[in-house]
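# Structural description and commentary
One-letter residues, chain by chain:
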Amino acid sequence: MRITIVGCGVVGATIAYELSKISDLEITVVDAQPTPVQADLTEYPNATGAALGVLMGAISKKEKGRNLRMRLAGIQYYNETVSELEELTGRSIPFNRQGILMLQFSDDLEVWHRLVEVRRKQDLALEVWNQERLKLEFPFLDRAVAAIYSPSDRQINPVALTQALIEGAKLRGVNFQFGTKVIGRQNQQIQTSQGVIESDYVVISAGVGTSGIEKIDIRPVLGQAIHVRLPKPLSDKPLPVITGDDVHIVTLGNSEYWVGATVEFPTEAGEVLPPDRAMFDEVMRQAIKFCPALKGAEIVRSWFGLRPRPQGRPAPVIEEIEPNVLLATGHYRNGVLLAPATAAEVQEKIIKKL
Ligand SMILES: Cc1cc2nc3c(=O)[nH]c(=O)nc-3n(C[C@H](O)[C@H](O)[C@H](O)COP(=O)(O)OP(=O)(O)OC[C@H]3O[C@@H](n4cnc5c(N)ncnc54)[C@H](O)[C@@H]3O)c2cc1C
């Protein structure tokens, strides 16, 4: 069976890698960009390059349901697959297994105590730390009156991950065509800037680009983030992701950190506005409030990218819109986390056709 995957961000790359494990599939991945996702840009042409790779499973407030199952499946997948991918490709994928620490600025913790109970029944650890515990563990943090610690949550470098998925899929026979923009589709025939591709099954995982190909409204929601360097590390201990008021601090090693991200909506008509300086400053202000050592940090780079948000429906969209044409898109703020469960769903649908 000939399968064409349109779009090679983390979603398309994970689908390609997982499908490459099935024999008798002839897989082609096309992407409009001239190269796979790149590190160290300032303006990303895809969401994946811009992502912080924070994987919020147990610490998400969702108590049950499909979205929570997808989140937890994502974390389990990375726990098992990162070393498999590293061995296969010889690449290293920075993967933080220290969990996520969510700072609390009010002492109304009832909802968290309840969630701890829910998670306990799901065999997932979640801890409520009081201020003394927090000060003892991480004395460089300020202002928080308590914290929620989720040891099973993770963070992964999205660019290193996606590049390794592509490399792994290539080694297993997947054909990648970069610099190939999809212009239209008729059934399973895809028109591209480089000619027509005939296939038996089409997966569209083109993020915000999906709306240019199919009748679905995926809106771009801009996110800015920053890479900073400090004179010395915040701590001698390995750090979890630290998050407060929806602002994340991600440890990179060598006294370097990512801080982000803003959430900037487009206009009613769907037009993307330029990155908002005031919103960016506000993210930094928030981060400095709970982590004062960030004040005066050296700025290595700041960047932005566009998250694909499905308009008027929950993220993500995984749906056959015609026989043998599947959308796997609209992952909005959690595409890195949800890519593995998305790939599993796509794989299941395709296996049924074999
Ligand atoms: C600042 C920021 C921080 C984020 N942080 C996190 C986080 O901590 N955790 C998390 O899980 N998620 C995070 N996200 C969200 C995450 O980045 C996205 O949900 C995810 O990357 C979506 O992946 P994707 O593969 O669907 O889309 P993309 O990465 O956008 O990839 C789509 C690809 O399709 C290609 N394409 C588009 N149109 C066409 C066409 N017509 N023809 C051919 N190719 C086409 C594009 O070139 C692109 O490479 C963040 C996003 C941003 C912007």
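Residues numbered from 1 in each chain as written. Predicted model: local features only at pLDDT ≥ 70, side-chain atom pairs only at ≥ 80, totals over all residues.

## So, the site of the ligand
The criterion, for reference: Each residue gets a C-beta atom placed from its backbone. If that atom is within 6 Å of a molecule or strand, the residue is near it. In this description a helix means any DSSP run of H or I spanning at least four residues, a strand means any run of E spanning at least two, and both kinds are numbered starting from the N terminus. Gly counts as polar in this scheme, as do all residues outside two lists: the nonpolar Ala, Val, Leu, Ile, Met, Phe, Trp, Tyr, Cys and Pro, and the charged Asp, Glu, Lys and Arg. Boundary definitions for the domains trace back to an automatic or database domain assignment.
Contacts to the ligand come from 43 residues, most closely from Gly9, Gly207, Gly209, Gly223 and Gly335. Going through the elements one at a time, α1 (10–19), β2 (26–31), α2 (47–50), β14 (218–229), β18 (298–310) and α8 (335–353) are the ones with two or more residues in the shell around the ligand. Of the residues belonging to the shell around the ligand, the class tally is 21 nonpolar, 18 polar and four charged. Each of domain 1 (2–87 + 157–218 + 311–353) and domain 2 (95–153 + 220–310) gives at least three residues to the shell around the ligand.

## Observations concerning the pairing of strand β5 (residues 100–104)
Note the threshold: Around each residue's C-beta, the other C-beta atoms within 10 Å are counted; 20 or more make the residue buried, 12 or fewer make it exposed, and counts in between make it partly exposed. All C-beta atoms are placed from the backbone. Two strands pair if DSSP finds at least two bridges between them.
Most of β5 sits inside the fold, with five of its five residues counted as buried. Here β5 shows a buried face lined by Ile100, Met102 and Gln104 and a second buried face lined by Leu101 and Leu103. Relative to strand β7 (residues 146–150), β5 runs antiparallel, the two sharing five bridges. Pairing of leucine 103 across the sheet is with alanine 147, part of β7.

## Details of the packing of α1 against helix α6 (residues 158–171)
The test is simple: Lines fitted to the C-alpha atoms define the axes, with helices restricted to the stretch that makes contact. Angles between their N-to-C directions range from 0 to 180 degrees. Each crossing is labelled by how the near helix is turned from the far one, with a counterclockwise turn of less than a right angle marking it left-handed and a clockwise turn marking it right-handed. By definition, residues are in contact whenever their C-beta atoms, placed on the basis of the backbone, come within 7 Å of each other.
Relative orientation of the contacting elements α1 and α6 amounts to 35 degrees, with a least axis distance of 8 Å. In the crossing of α1 with α6, the sense of the turn from one axis to the other is left-handed. Here Val10, Ala13, Thr14, Ala16 and Tyr17 of α1 come into contact with α6, specifically with Pro158, Leu161, Thr162, Leu165, Ile166, Gly168 and Ala169. Here the contact of α1 with α6 is composed, by residue class, of nine nonpolar, three polar and no charged.

## Things to note about the pairing of strand β15 (residues 241–244)
Here β15 shows no split at all, with Val241 and Thr243 on one side and Ile242 and Gly244 on the other all buried. Of the pairings in the sheet, the one linking β5 to β15 comprises three bridges and is parallel in character. Within β15, the position partnered with leucine 101 by the bridge is isoleucine 242. Of the pairings in the sheet, the one linking β15 to strand β16 (residues 247–253) comprises three bridges and is antiparallel in character. The residue bridging threonine 243 from the neighbouring strand is histidine 248, located in β16.

## A closer look at helix α3 (residues 66–89)
To be explicit about the condition: Expected helix span is computed as 1.5 Å times (number of residues minus one). We define the bend at each residue as the angle formed by axes fitted to the 7 residues ending at it and the 7 residues starting at it.
Between the first and last C-alpha of α3 there are 32 Å, a value that for 24 residues agrees with the 34 Å anticipated at 1.5 Å per step. A bend of about 40 degrees at threonine 81 is the largest found in α3. Every buried residue of α3 is accounted for by Met70, Arg71, Leu72, Gly74, Ile75, Tyr78, Thr81, Val82 and Leu85. Positive phi appears at glycine 90, one or two residues downstream of α3, with a value of about 70 degrees.

## Quick notes on the domain arrangement of the chain
When the parts of a complex come together, some accessible area is lost, and that lost area is often taken as the interface size. One can read the domain layout of the chain as domain 1 (2–87 + 157–218 + 311–353) and domain 2 (95–153 + 220–310). Using only C-alpha atoms to locate each centre, domain 1 and domain 2 end up separated by 26 Å. With 33 residues of domain 1 in contact, the opposing surface of domain 2 contributes 31 residues. For the side of domain 1 that touches domain 2, the secondary structure elements donating two or more residues are α2, β3 (54–55) and α3. Tallied by class, the residues present in the side of domain 1 that touches domain 2 amount to 18 nonpolar, nine polar and six charged.

## Some details on unusual backbone geometry
Most peptide bonds take the trans configuration, and most residues that are not glycine carry a negative phi. In this structure, the amide linkage connecting glycine 260 to the following residue, alanine 261, adopts the cis form with an omega of 5 degrees. On the secondary structure map, alanine 261 appears in the loop between β17 (256–260) and α7 (277–290). In this structure, proline 316 follows alanine 315 across a cis peptide bond, with omega equal to -5 degrees. Relative to the elements of secondary structure, proline 316 occurs in the loop between β18 and β19 (317–322). A positive phi angle is found at aspartate 24, which is not glycine, with a value near 70 degrees. Examined against the element boundaries, aspartate 24 turns out to sit in the loop between α1 and β2.

## Notes on the sheet that holds β19
The six strands are arranged β9-β2-β1-β13-β20-β19 in an open sheet whose pairing can be described as mixed. The sheet terminates laterally at β9 (175–178) and β19, the two strands that pair on one side only. Going from strand to strand, the sheet's axes swing by 20 degrees on average, the running direction of each strand aside. With three bridges joining them, strand β13 (residues 201–204) and strand β20 (residues 325–329) adopt parallel strand pairing. Bridge assignment links isoleucine 204 to a residue of β20, and that residue is leucine 327. Strands β1 (2–6), β13, β19 and β20 of the sheet are contacted by α8, whose axis makes an angle of about 170 degrees with β20.

## Some points on the environment of proline 231
Note on placement: proline 231 falls in the loop between β14 and β15. Judged by the 9 C-beta atoms lying within 10 Å of it, proline 231 falls in the exposed class. With 46 residues separating them in the primary sequence, proline 231 and arginine 185 have C-alpha atoms 53 Å apart.

## Section: the sheet that holds strand β4 (residues 95–96)
The strand order β3-β8-β4 describes an open sheet built from three strands, whose pairing is antiparallel. The sheet is open, and its two borders are formed by β3 and β4, each paired with just one other strand. Pairing analysis gives two bridges linking β4 to strand β8 (residues 154–156), with the strands arranged antiparallel. Opposite asparagine 96, over in β8, you have glutamine 155 as the bridge partner.

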